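Fold and contact review
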Amino acid sequence: MRTKAWMTALLLAGAAAWSVPALAAEPAPAAQAAEAAAEELTALEKAGGVEGLPMGFLPAMELGDGASYYPMDIRGIDPSLTAAPCLGQLRITGDGITQTADVLNLETRDSQLDVLLAGLFGGEDGRTVTAEGVQKIAAFNHMLGNAGAMMNQSILEGIAQLRRETGEPMPYSILHTELRSVEALHLMAGTDGVPVYTTGSRVLVYVDGWLFPTYVKGYLWKADGSYRAVFLWCNDSQKDAVREAGDRLVLAAVGKAE
């Protein structure tokens, strides 16, 4: 029973922090997943936890070669929500199979981001990468080399806190992650001068002897003074198809679809 309690606490914490998709023979129905997400967001909003969240911007679209994007409007399921990040699903159909990736897309104007990302979107048109921006890209990529260790350190600190709060001797080895094939942050090709930064990685999540191989990829750009970000996550076996379809999704979002 104690192990079950530890597992439940850790899995809930991990899902909230990294949105790691669990492996399953069949994906959960979209409506069921949306209802569950709506319940979580409703609880967060009542506690004051989602005020001011950035909103999504991606509409439904066909991307060609069997790929398409479908937004999920959680507020349509629970009208009491006044703010929610935009979730959706990327689908790639071909050769008799359908592969999917969960999508989170956010748009925000934030003066703190202006400072943090200074140099990445320079010039009056926001399309110039300055010397400061080049240095920040190099610093970020250097940090990526230590990202796995930093994540595991955070996990250990979380386990230590749970041990103190619950008094349970939770094993420090019950959860850890491993990053593989990390993609350095770089400018995406084919955007016709619009700077779109992207990075990605395979993320292997080990939970009490179970292995959950996943893939995550992110994109960031600036449009009309706002920052736009797209995050994809899927099972590791689908990474090649998702990476290609994700690029097409972002190219369409910046108006550079083929």
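These numbers come from a predicted model, not from an experiment.

Conventions adopted
- Residues numbered from 1 in each chain as written.
- Predicted model: local features only at pLDDT ≥ 70, side-chain atom pairs only at ≥ 80, totals over all residues.
- Heavy atoms only, no water.
- Helix = DSSP H or I, 4+ residues; strand = E, 2+ residues; numbered from the N terminus.
- Buried < 20%, exposed > 50% of the residue type's maximum accessible area, 1.4 Å probe, protein only.
- Contact = heavy atoms within 4.5 Å.
- Expected span 1.5 Å × (residues − 1).
- Phe/Tyr/Trp six-rings, centres within 6.5 Å; stacked < 30°, edge-to-face > 60°.
- Lys NZ or Arg CZ within 6 Å of the ring centre and 35° of its normal.
- Polar contact = N/O pair within 3.5 Å; in protein donor to acceptor, adjacent residues only side chain to side chain.
- Pairing = 2+ DSSP bridges.
- pLDDT = per-residue confidence, 0-100.

**A word on the overall build of the chain**
Along the chain, the regular secondary structure elements total six helices and eight strands. Listing the helices and strands of the chain from first to last along the sequence gives α-α-β-β-β-β-α-α-α-β-β-β-β-α. By the burial criterion, 38% of the 258 residues in the chain qualify as buried. Restricting the contact set of the chain to residue pairs at least 6 apart, pairs at least 24 apart contribute 57%.

**Let's talk about helix H6 (residues 239-253)**
Because each turn of an α-helix spans 3.6 residues, side chains separated by three or four positions in sequence point in the same direction. With 15 residues, H6 extends 20 Å from end C-alpha to end C-alpha; this agrees with the ideal 21 Å at 1.5 Å per step. All buried positions along H6 are accounted for by Lys239, Ala241, Val242, Ala245, Gly246, Arg248, Leu249, Val250, Leu251 and Ala253.

**A few points about unusual backbone geometry**
Phi angles above zero are rare outside glycine, and Asp208 is one such case at about 50°. Along the chain, Asp208 falls in the loop between strand S6 (197-207) and strand S7 (210-223). Positioned with a positive phi, Asp224 is a non-glycine residue whose angle comes to about 55°. Position of Asp224 among the secondary structure elements: in the loop between S7 and strand S8 (226-235).

**Considering the packing of aromatic side chains**
Counting across every chain of the model gives three aromatic pairs. On the numbers, 5.4 Å between centres and 90° between planes, the contact of Phe121 with Tyr197 is edge-to-face. On the criterion of sequence distance, the pair formed by Phe121 in the loop between helix H3 (111-116) and helix H4 (131-144) and Tyr197 in strand S6 is long-range, its members being 76 residues apart. Relative accessible area serves as the criterion here: at 9%, Phe121 is assigned to the buried category. Relative accessible area serves as the criterion here: at 2%, Tyr197 is assigned to the buried category. Taken together through their ring pairs, the aromatic side chains of Phe121, Tyr197 and Tyr227 make up a single cluster. Positioned above the aromatic ring of Tyr70, the side-chain terminus of Arg91 is 4.2 Å from the ring centre. Sitting above the plane of the Phe57 ring, Arg228 keeps its charged end 4.5 Å from the centroid.

**Comments concerning the side chain of Thr191**
Tracing the chain through its elements places Thr191 in the loop between strand S5 (175-187) and S6. Only 2.6 Å separates the side chain of Thr191 from the backbone oxygen of Val194, close enough to count as a polar contact.

**Some thoughts on the pairing of S7**
Bridge analysis of S6 against S7 gives 11 bridges, and the strand direction is antiparallel. Among the inter-strand pairings, Ser201 is bridged to a residue of S7, identified as Val216. Taking the residues between adjacent antiparallel strands as the criterion, S6 and S7 are bridged by two residues, where Asp208 takes a positive phi near 50°. As paired elements, S7 and S8 share 10 bridges and run antiparallel to each other. Bridge assignment links Lys222 to a residue of S8, and that residue is Tyr227. What sits between S7 and S8 in their antiparallel hairpin is a turn of two residues, with Asp224 showing a positive phi close to 55°.

**Digging into the confidence of the model for the chain**
Taken as a whole, the chain shows an average pLDDT of 80; of its residues, 73% reach a score of 70 or greater. Averaged over each element, pLDDT in the chain is lowest for helix H1 (residues 2-18) (38) and highest for H6 (96). Counted against residues more than four places away or in other chains, residues 1-31, with its pLDDT under 50, gives 36 contacts. When the criterion is pLDDT under 50, residues 48-52 qualifies, and its contacts beyond four places in sequence or with other chains add up to seven contacts.

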